[in-house]
Amino acid sequence: MNIQAKKKVFSGVQPTGSLHLGNYIGALSVWVKEQDNFDGIYCVVDLHALTIPEAIEPKVFHEKNWETVAMYLACGIDPNKSTIFIQSQVREHTELAWILTCMTPMGWLERMTQFKSKSGKQETVGTGLFTYPVLQAADILLYDTEVVPVGEDQKQHIEITRDIAQRFNQMFGEVFVLPEAMIPKAGARIMGLDDPESKMSKSSAVKNAKHAIGVVDEPKKIIKAIKAAKTDSASEVSFEGEMSPGVKNLLTIHHVMTGWDEAQQRAHFEGKGYGFFKSEIADAVVERLSPIREEYTRLLDDRAHLQAIARMGAEKAGAQAEAKVKAVKDALKINF
Ligand code: AQP
């Protein structure tokens, strides 16, 4: 019998705000769907969130970490199949990040589009925002990760992770596995409802209530947000010619929520008014997210359970991370 080994997988979300539909579609739903094929490690990347000054009001930040653990579980990550932990609980992430920082050319980091767009929005730019991709590389490389399921915005960061790993391997011997990004075919870049030309993101959701659908938003709020979504000046849905980005985005959301293909969507929506179109999409989103919201609310009240899951995950991940940092130090002959 040919039993295929499970793929080693690592991914994470920053506890910078409430998770939105883009995070769910681009990342979490893929982790859950592939859970039986993955040897998955899912991290709440709190050290990455430190690069966003508005995110670190300590008390709120602390709670966001537990909310994100609860969200992983509520979305369907099974802690008996996958590992869940909070990044700062495993100190090897920062240790490896420093070693890799010393070996990463500045020019590589200067090319990162996320740094360019995020640094433009901050009054004072911390060095950590610049070296963010190196910490992300450390996260991934610590666990011999083969596959990193992420949204499209992270593609460049996975590429630089490969470059960093390759450079280290060439200089000091084969220590790191080269990971690959796994980007979903549909929904790799869910766009803002208010501005379908820009990515749905937590930071924009904080500034504008009409920007995103939160995974645990109440049905009323979801319906309101979708009703207000930007479409175009046409009065009915048409599949002929170039679709407006807003309509395209809503159809992508509907496709991921229902599994309907284009032919089914066309048969159902062609020639229908935007009122009907949006209410059907809202229904599909509410139906999919309601059980998650209910489970999330229940889990939030059980802090001891969340802590136990994260502790168990950190112990498991920590043992692997320690072994990898030892291998790195052995290669560098700095193991005293
Ligand atoms: N719009 C999106 N569509 C598909 N996937 C997305 N991801 C993020 N946005 C979308 C994926 O979700 C995972 C976690 O990413 P994150 O924690 O960086 O989330 P964010 O919403 O991008 O966070 P921020 O802090 O609000 O960033 P800004 O506002 O600067 O964009 C990743 O796998 C990501 O690809």
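If you're wondering where the values come from, they're calculated on a predicted model, not measured in any experiment.

(A) Structural detail: the overall build of the protein chain. Secondary structure summary: the protein chain contains 14 helices and 5 strands in total. In terms of C-alpha radius of gyration, the protein chain reaches 21 Å, essentially the compact-globule figure of 20 Å for 336 residues. Judged by the C-alpha coordinates and their principal axes, the protein chain covers about 70 × 50 × 45 Å. Across the 336 residues of the protein chain, 50% fall into the buried class. When contacts within the protein chain are restricted to residue pairs at least 6 apart in sequence, those whose partners lie at least 24 apart make up 78%. As presented, the protein chain carries roughly 16,400 Å² of accessible surface, and 52% of it is formed by carbon and sulfur atoms. Within the protein chain, one finds 40 positive and 44 negative side-chain charges whose respective centroids are separated by 2 Å.

(B) The arrangement of the packing of aromatic side chains in detail. One pass over the structure, following the stated rule, counts 10 aromatic pairs. Residues Trp31 and Tyr42 carry aromatic rings whose centres are separated by 4.3 Å and whose planes lie at 10 degrees to one another, so their mutual orientation is stacked. Taken together, the residues span a long stretch of sequence, with Trp31 in helix α1 (residues 21-33) and Tyr42 in strand β2 (residues 38-44) at a distance of 11 residues. Tyr42 shares its class with Trp31; the two are buried. On the basis of an interplanar angle of 85 degrees and a centroid distance of 5.1 Å, the ring pair of Trp31 and Tyr72 is categorised as edge-to-face. With Trp31 in helix α1 and Tyr72 in helix α3 (residues 58-75), this residue pair connects regions lying 41 residues apart in the sequence.

(C) Broad picture of the site of the ligand. For the ligand, the set of nearby residues contains 24 residues, the closest of which are His20, Lys118, Asp153, Lys199 and Ser203. In the model, an oxygen atom of the ligand is placed 2.7 Å from a nitrogen or oxygen of the Ser201 side chain. Starting from 670 Å² of accessible surface for the ligand in isolation, the protein chains cover 95%. Sorting the residues of the shell around the ligand by element identifies β1 (7-13), α1 and α9 (202-207) as the ones contributing at least two each. For the shell around the ligand, the leading source of residues is α1, giving 4 residues.

(D) Highlighting unusual backbone geometry. Positive phi outside glycine occurs at Asp144, with the angle close to 50 degrees. Residue classification places Asp144 among the partly exposed positions, given a relative accessible area of 25%. Although it is not a glycine, Lys333 sits at a positive phi angle of roughly 55 degrees. Relative to the assigned elements, Lys333 resides in the segment after α14 (303-332).

(E) Expanded view of the pattern of salt bridges. If you walk through the whole model with that rule in mind, you get 15 salt bridges. The partner of Lys221 in a salt bridge is Asp217, and the shortest N-O contact between them spans 3.7 Å. Judged by relative accessible area, which is 46%, Lys221 ranks as partly exposed. For Asp217, a relative accessible area of 15% corresponds to the buried category. Residue Glu240 is joined to Arg266 by a salt bridge in which the shortest nitrogen-to-oxygen separation is 2.5 Å. Of this pair, Glu240 sits in the loop between α10 (219-227) and α11 (245-258) while Arg266 sits in helix α12 (residues 262-269), placing them 26 residues apart in sequence. Each member of the salt-bridge network shares a partner with another, and the members are Glu240, Arg266 and Glu270.

(F) Fine view of the layout of surface pockets. Its volume calculated, the second largest pocket comes out at about 380 Å³. Of all elements in the fold, only α1 and α11 reach the threshold of two or more residues within the lining of the second largest pocket. Per-element accounting of the lining of the second largest pocket gives the leading share, 4 residues, to α1. A per-class count over the lining of the second largest pocket returns 7 nonpolar, 2 polar and 4 charged.

(G) Seen up close, the environment of Ala284. Locating Ala284 in the fold gives a position in helix α13 (residues 274-300). When the C-alpha atoms of Ala284 and His255 are compared, they prove to be 9.4 Å apart, with 29 residues separating the residues in sequence. With residues up to four places along the chain from it excluded, the contact list for Ala284 reads His254, Met257 and Thr258.

(H) Region of interest: the pairing of β1. Where β1 meets β2, 7 bridges bridge the pair, whose relative direction is parallel. For Gly12, the partnering residue across the bridge sits in β2 and is Cys43. Between the parallel pair β1 and β2, the chain is carried across by α1, and the sense of this crossover is right-handed.

How each quantity is defined
Residues numbered from 1 in each chain as written. Predicted model: local features only at pLDDT ≥ 70, side-chain atom pairs only at ≥ 80, totals over all residues. Heavy atoms only, no water. Helix = DSSP H or I, 4+ residues; strand = E, 2+ residues; numbered from the N terminus. Rg over C-alpha atoms; globule rule 2.2 N^0.38 Å. Buried < 20%, exposed > 50% of the residue type's maximum accessible area, 1.4 Å probe, protein only. Contact = heavy atoms within 4.5 Å. Areas by Shrake-Rupley, 256 points an atom, 1.4 Å probe, with all protein chains shown as cover. Lys, Arg positive; Asp, Glu negative; His and termini not counted. Charge placed at Lys NZ, Arg CZ, Asp CG, Glu CD. Phe/Tyr/Trp six-rings, centres within 6.5 Å; stacked < 30°, edge-to-face > 60°. Near = heavy atom within 4 Å. Polar contact = N/O pair within 3.5 Å; in protein donor to acceptor, adjacent residues only side chain to side chain. Salt bridge = Lys/Arg side-chain N within 4 Å of Asp/Glu carboxyl O. 1 Å grid on protein atoms, 1.4 Å probe; cavity = no way out; pocket = protein on both sides within 12 Å on 5 of 7 lines; lining within 4 Å. Points joined across faces, edges and corners; volume = space filled by probe spheres on them. Nonpolar A, V, L, I, M, F, W, Y, C, P; charged D, E, K, R; others polar. Pairing = 2+ DSSP bridges. Right-handed = clockwise from strand over helix to strand, strands pointing away.

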